[in-house]
Amino acid sequence: MAKKGFAYLVGAGPGRADLITLRGAELIRSAECIIVDKLANPALLEMARSDAEIINVPKRIGPGSFTQDQINRILVDKALEGKIVVRLKGGDPCMFGRCTEEAMMLNEAGVGFEIVPGITAAIAAAEYAGIMLTDRRYSSQVAFITGREAEGKEDTNLDWNVLAHFPGTLVFYMGIGTLGLIAENLMANGMPAETPVALVANATFPTQRVVRAPLSGIVQTCSRARIEPPALIIVGPAAEGDTELNWFMQQPLFGKSIVATRDPKGNAELARKIVDRGGRPVEFTTVTIKPQTESNEFLKALAAITDHDWVIFTSPNGVAVFFDALGKLGKDARIFAAVKLATLGVKTAKSLERYGIRADFVPTVFTGQELGRQLMAHTNLRDKKILLLRSELASNELPELLLKAGAKVWDVPLYTAVEAEEDGRELSEQIQSGAIDWLTFASPSSVRAFFARIPPETVNASQVRVASIGPVSGAELDKLGVRVDLEAPEHTVDGMLDAIEGIEAR
Ligand code: SAH
């Protein structure tokens, strides 16, 4: 008998990717087929297996859209092919999500299923707008309502009389198109015209918007503000909210578009940090990291590690590239047993810890020059043999300092940064139109690669602000004639974001 599949009806959460449950994320990672709604954040699919079949089933009106029957069919067919299927739905899978039909179809076809709850939009939108749905002072009950049925006068299940007198908070899903009818029906049935209403659009995203007005004026306010779906309508005293509690939108970086200009891995890391602070990351790949660990020099250096007194790593990239090559040669961290290790910065030391190595010297410094100075102060380097394992593009300051201190230095390149293919036209247009708030630069090689695509004049002539992680990237920007608005006092990615926040919070 053919293998029978299994289906998981998974809630993707309200928007922001990391608001999915651990179980949901784990199932996305292992699924063989993922059937995705329009409202589920596409970023979640980055977790999927590279061989997973991904089927988008938007239910909007027009071409390329799917009916519920078609979706049910695909779901059942994929499971019957023997696949582990994840049906990924926005928010909670069953909250206004046609879950009943999908589950019944699976049941009839004899396919097993599991429902994985998600955070529904109403809960997240209220909390991300500082609105407490069950504030005990005035809302001991909450109703979740579909706004779709406001239209169908005959077959509606909505009892407007009950809703108009509901002693708590009403939350309407799918109600932007019928907002006028909702307001009319509530008022016609006795809800006071001054009842507070809040609309929360794009909840939990850096593009979140909140519009407030009394019930009688909400339609006009919303059309003036050009609110577009997805949005929720919150009605009742709770909707008034407390501006002091609007934590999400009050973050200094909320809604700010910040461009990361590093290699793909570095950009992804920076993007996560920007999202954490409420900003909108734009990832622009300037360079990719190319290992140089197949060179004879690298192999010679490996064989000679035990002859050295100190080995110095200056970046997490270097550590990753080194251990990758080491593993391929069938060796491991034990080759460092007899030498001392120093790192540039705590992050590089943390990367070493992943391979079971605790560095002997980790000063809290951010440039090669400072590291050299501190190492000289820490120990006598005269006649000491030092192996530098770092980027081919790193500056000469560190080896020169060490040589001056009497050390014997071997500077072995582990990797280089090569310019990426990315086209700068789209970003250039966004910069010119004022859609970008900040450009961030974390290395001279990304400065060079960035301005090879987008001319310095474009940046200088626009509103966009330019942040540099430290003096080395700053000098490169100066050299190209780029206006630098900020050089981070602490030369780390977090230090740079702190400094941007400082300026935005003014
Ligand atoms: N199952 C989903 C709801 C599906 S109905 C859930 O549990 O959230 C679709 C409606 O959800 C939209 O019309 C809108 O009212 C609401 N919605 C979904 N995501 C939203 C978001 N990020 N911001 C505001 N409203 C959202």
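It should be noted that the structure appears before, not after, this text.
Cut-off values and rules
- Residues numbered from 1 in each chain as written.
- Predicted model: local features only at pLDDT ≥ 70, side-chain atom pairs only at ≥ 80, totals over all residues.
- Heavy atoms only, no water.
- Helix = DSSP H or I, 4+ residues; strand = E, 2+ residues; numbered from the N terminus.
- Axes fitted to C-alpha atoms, helices over the stretch in contact; angles between N-to-C directions.
- Parallel < 35°, antiparallel > 145°, perpendicular 65-115°, else oblique.
- Left-handed = near helix turned anticlockwise from the far one by under 90°.
- Contact = heavy atoms within 4.5 Å.
- Pairing = 2+ DSSP bridges.
- Near = heavy atom within 4 Å.
- Polar contact = N/O pair within 3.5 Å; in protein donor to acceptor, adjacent residues only side chain to side chain.
- Areas by Shrake-Rupley, 256 points an atom, 1.4 Å probe, with all protein chains shown as cover.
- Nonpolar A, V, L, I, M, F, W, Y, C, P; charged D, E, K, R; others polar.
- Domains from an automatic or database assignment.

A. Layout of unusual backbone geometry. With an omega dihedral of 0°, the bond running from Pro229 to Pro230 counts as a cis peptide bond. By secondary structure assignment, the location of Pro230 is in the loop between α7 (218-225) and β10 (231-235). One non-glycine residue, Arg226, lies in the positive phi region at around 50°. Along the chain, Arg226 turns up in the loop between α7 and β10. The phi torsion at Asp383 lies on the positive side, around 65°, for a residue other than glycine. The residue Asp383 is located in the loop between α12 (368-378) and β16 (385-391) in this model.

B. Examining the packing of α12 against helix α13 (residues 397-404) more closely. Relative orientation of the contacting elements α12 and α13 amounts to 20°, with a least axis distance of 8 Å. Taken together, the axis directions place α12 and α13 in an arrangement best described as roughly parallel. Pair α12 / α13 crosses with right-handed handedness. Of α13, the residues touching α12 (which contributes Gly368, Gln369, Leu371, Gly372, Arg373, Leu375 and Met376) are Glu397, Leu398, Leu401 and Leu402.

C. The arrangement of the sheet that holds strand β19 (residues 465-468) in detail. Taken in spatial order, the 5 strands of this open sheet run β12-β11-β18-β19-β20, and their pairing is parallel. Single-partner strands in this sheet number two, and they are β12 (280-283) and β20 (486-487).

D. Main features of the sheet that holds strand β1 (residues 6-11). The 5 strands lie next to each other as β3-β2-β4-β1-β5, forming an open sheet whose pairing is parallel. Strands with a single pairing partner mark the edges of an open sheet, and in this sheet they are β3 (53-56) and β5 (112-116). Direction aside, the axes of adjacent strands within the sheet are offset by 15° on average. Alignment of strand β2 (residues 33-36) against β3, held across 4 bridges, turns out to be parallel. What sits directly across from Cys33, in β3, is Glu53. Relative to the sheet, helix α2 (residues 68-80) contacts β1, β2, β3 and β4 (84-89), its axis offset from that of β4 by approximately 155°. Against the sheet, helix α3 (residues 99-108) touches β1, β4 and β5, its axis set at about 170° to β1.

E. Examining the site of the ligand more closely. Looking at the ligand, there are 17 residues lining it, with Asp92, Met95, Thr120, Ala203 and Ala231 nearest. Met174 is positioned with one of its backbone polar atoms (N or O) 2.9 Å from an oxygen atom of the ligand. Alone, the ligand offers 550 Å² of accessible surface; in the complex the protein occludes 92% of this. Tallied by class, the residues present in the shell around the ligand amount to 12 nonpolar, 4 polar and 1 charged. Residues from two domains meet in the shell around the ligand; each of domain 1 (6-119) and domain 2 (123-245) gives at least three.

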